Amino acid sequence: MTTLSTGTAMATVAFALSRGLTTVEIQEVTGVSCFELFNPETRPPEDVMPNILALLGERFPGEPFALEMARAAPFSYFGGLADGAQFADDLRGAVELFTRNSAVIADQLVLDFREETAESRLVSRHPMDAIDGGRSTEVGTALAARLFTDFLGVANCIQRIRYTHEPNCDVTYYLDYLGVPVEFNAHETALVFDAGKLGTRIKHANVVLFNYVKTHLVGLKKQIALPKEPREMTSLRKAAAENALAGIFGAASVAAAANMSLRSAQRLTAENGTSVQGLIDNIREDRAREFLSDGSIDLNSIALLLGYSDERAFRRAFQRWTGQSPSDYRGTLKRIPG
């Protein structure tokens, strides 16, 4: 499963809600709940944005809603790249930051910065562009143009914009919103820059902070590149966590809460190197550590809160997880200063 930035997904969902789509409609078209889409600790599936914009296209044919979204969306849409770009020495460095770190926005997004004799341009490609007729591309390019000109303060740095798709609304809207000539049915999607502006110094340029940002992005890209578990596994983890809050710790109950049979859940978790019971035990261990940090809760109460029949069963489980008894673990917490 390929993914995109949480900031991108959140901006898209928030805009869709503002245009009257319901959370039920969003879940139906994406296969993901709004709860998950607004979870800052996860990256949602990459087709979330084009599927939502395609639905908006059906609901509002001929309207310039992609351009409206680009005008209103926060720069967190770019997954932190905008915050880093403001510390680049010049516009060229900011554009190159986006080029080298496009996967932060979306796994399959490819940005290519080409400085040639005739023109300099930032070329964009994404395999899912056809899903929404290029509307995701319109949001991204229009928001990037706004970023470079307004946020970074390099006025009139964009000369024209090219799209490979046909216009999704009257062409005059593009001219009004973007303020530069726009070409359609072109051989590439690109922001074409005024080459003379690329050396313009960014108003918040800071070499120390920019180097820190680049180092951080290297680590972030490595994390994004790690193998991603199937969406069904994420659903199982979420079901196990929600059941635990309700004091329910059975494997069959977790499977049912994730709309799976127990056999399917067991097969899925085995394929991903764990078990349904393993998911439950991970949550139990985390909650046990939280409860033990509160000296006012006795061990028997903790055992009952975690679904064990008695304190002895809880002690055995905690020893298995951590190599310590609950009492010894609580004792180590008391010895930690502060």
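Everything numeric in this text was worked out from a predicted model, so none of it was measured.

S.K.: I'd like to hear about the sheet that holds strand β5 (residues 189-193), residue by residue, with values.
M.R.: If you walk across this open sheet you meet the 5 strands as β1-β2-β5-β3-β4, and the pairing is mixed. Both outer strands of the open sheet, β1 (110-115) and β4 (182-183), are each paired with one neighbouring strand and no more. With 5 bridges connecting them, strand β2 (residues 120-125) and β5 associate as antiparallel partners. Bridged to serine 120 within β5 is phenylalanine 193. Contacts from helix α7 (residues 91-100) reach β1, β2 and β5, with the element oriented near 145 degrees to β1. Packed onto the sheet, helix α8 (residues 135-151) meets β2, β3 (158-162) and β5 and runs at close to 15 degrees relative to β5.

S.K.: Which residues make up the pattern of salt bridges, and what are the values?
M.R.: Tallied over the entire structure, the rule returns 22 salt bridges. Among the ionic pairs, lysine 238 bridges to glutamate 242, the shortest N-O distance being 3.0 Å. You can see lysine 238 and its partner glutamate 242 sitting in helix α11 (residues 231-245), 4 residues apart, about one turn around the helix. Among the residues examined, lysine 238 registers a relative accessible area of 24% and is labelled partly exposed. The salt bridge involving glutamate 285 is made with arginine 289; its shortest N-O contact spans 2.8 Å. Of this pair, glutamate 285 and arginine 289 both sit in helix α14 (residues 276-292), 4 residues apart, which is roughly one turn of the helix. Residue classification places glutamate 285 among the buried positions, given a relative accessible area of 16%. Beyond isolated ion pairs, a larger network of salt bridges with shared partners links Asp112, Arg114, Glu116, Glu119, Arg121, Arg160, Arg162, Glu183 and Glu188.

S.K.: Got a sec to walk through the side chain of threonine 269? Specific residues and values, please.
M.R.: Along the chain, threonine 269 falls in helix α13 (residues 262-271). Classification of threonine 269 as buried rests on a relative accessible area of 1%.

S.K.: Can you lay out the packing of α11 against α13 for me, pointing to particular residues and giving the numbers?
M.R.: At their nearest, the axes of α11 and α13 sit 10 Å apart, and the two run at 110 degrees to each other. On the basis of their axis angle, the class for α11 and α13 is roughly perpendicular. Between α11 and α13 the crossing geometry is left-handed. Note on element contacts: α13 touches α11 through Ala265, Leu268 and Thr269, opposite Glu232, Met233 and Leu236. Counted by class, the contact of α11 with α13 contains 4 nonpolar, 1 polar and 1 charged residues.

S.K.: Tell me about unusual backbone geometry, and name the residues and values.
M.R.: Phi at asparagine 156 is positive, roughly 60 degrees, even though this residue is not glycine. Residue asparagine 156 is classed as exposed on the basis of its relative accessible area, which comes to 63%. Its identity is not glycine, yet asparagine 259 carries a phi of approximately 60 degrees, on the positive side. Mapped onto the fold, asparagine 259 is located in the loop between α12 (251-257) and α13. What makes asparagine 259 exposed here is its relative accessible area of 74%.

S.K.: So what's going on with the pairing of β1? Residues and values would help.
M.R.: In this sheet, β2 lies alongside β1 in antiparallel orientation, the contact comprising 6 bridges. Paired with aspartate 112 across the strands is valine 123, a residue of β2. Between β1 and β2, which pair antiparallel one after the other, the connecting turn spans 4 residues.

S.K.: Quick one: what's the story with the packing of aromatic side chains, residue by residue and with numbers?
M.R.: Under the definition given, this model contains 13 aromatic pairs. Judged by centre distance (5.1 Å) and plane angle (40 degrees), the rings of phenylalanine 75 and phenylalanine 151 are tilted. Placement of phenylalanine 75 in the loop between α5 (65-72) and α6 (81-85) and of phenylalanine 151 in helix α8 is noted, with a sequence separation of 76 residues between them. By relative accessible area, phenylalanine 151 is classed as partly exposed at 26%. Among the aromatic side chains, those forming a connected cluster through ring pairs are Tyr77, Phe78, Phe98, Phe113, Phe148 and Phe193.

S.K.: Run through α13, naming residues and quoting values.
M.R.: When we look at burial in α13, the residues that qualify are Ala265, Leu268 and Thr269. All buried residues of α13 lie within an arc of 95 degrees about the axis, which places them on one face of the element. Opposite the buried face of α13, by more than 90 degrees, sit the exposed residues Arg263, Ala270 and Glu271. Buried-residue contacts for α13 involve α11, α12 and α14. Where α13 terminates, the next one or two residues include glycine 273, which has phi positive at roughly 75 degrees.

Thresholds applied
- Residues numbered from 1 in each chain as written.
- Predicted model: local features only at pLDDT ≥ 70, side-chain atom pairs only at ≥ 80, totals over all residues.
- Heavy atoms only, no water.
- Pairing = 2+ DSSP bridges.
- Helix = DSSP H or I, 4+ residues; strand = E, 2+ residues; numbered from the N terminus.
- Contact = heavy atoms within 4.5 Å.
- Axes fitted to C-alpha atoms, helices over the stretch in contact; angles between N-to-C directions.
- Salt bridge = Lys/Arg side-chain N within 4 Å of Asp/Glu carboxyl O.
- Buried < 20%, exposed > 50% of the residue type's maximum accessible area, 1.4 Å probe, protein only.
- Parallel < 35°, antiparallel > 145°, perpendicular 65-115°, else oblique.
- Left-handed = near helix turned anticlockwise from the far one by under 90°.
- Nonpolar A, V, L, I, M, F, W, Y, C, P; charged D, E, K, R; others polar.
- Phe/Tyr/Trp six-rings, centres within 6.5 Å; stacked < 30°, edge-to-face > 60°.
- Arc of directions from axis to C-beta.

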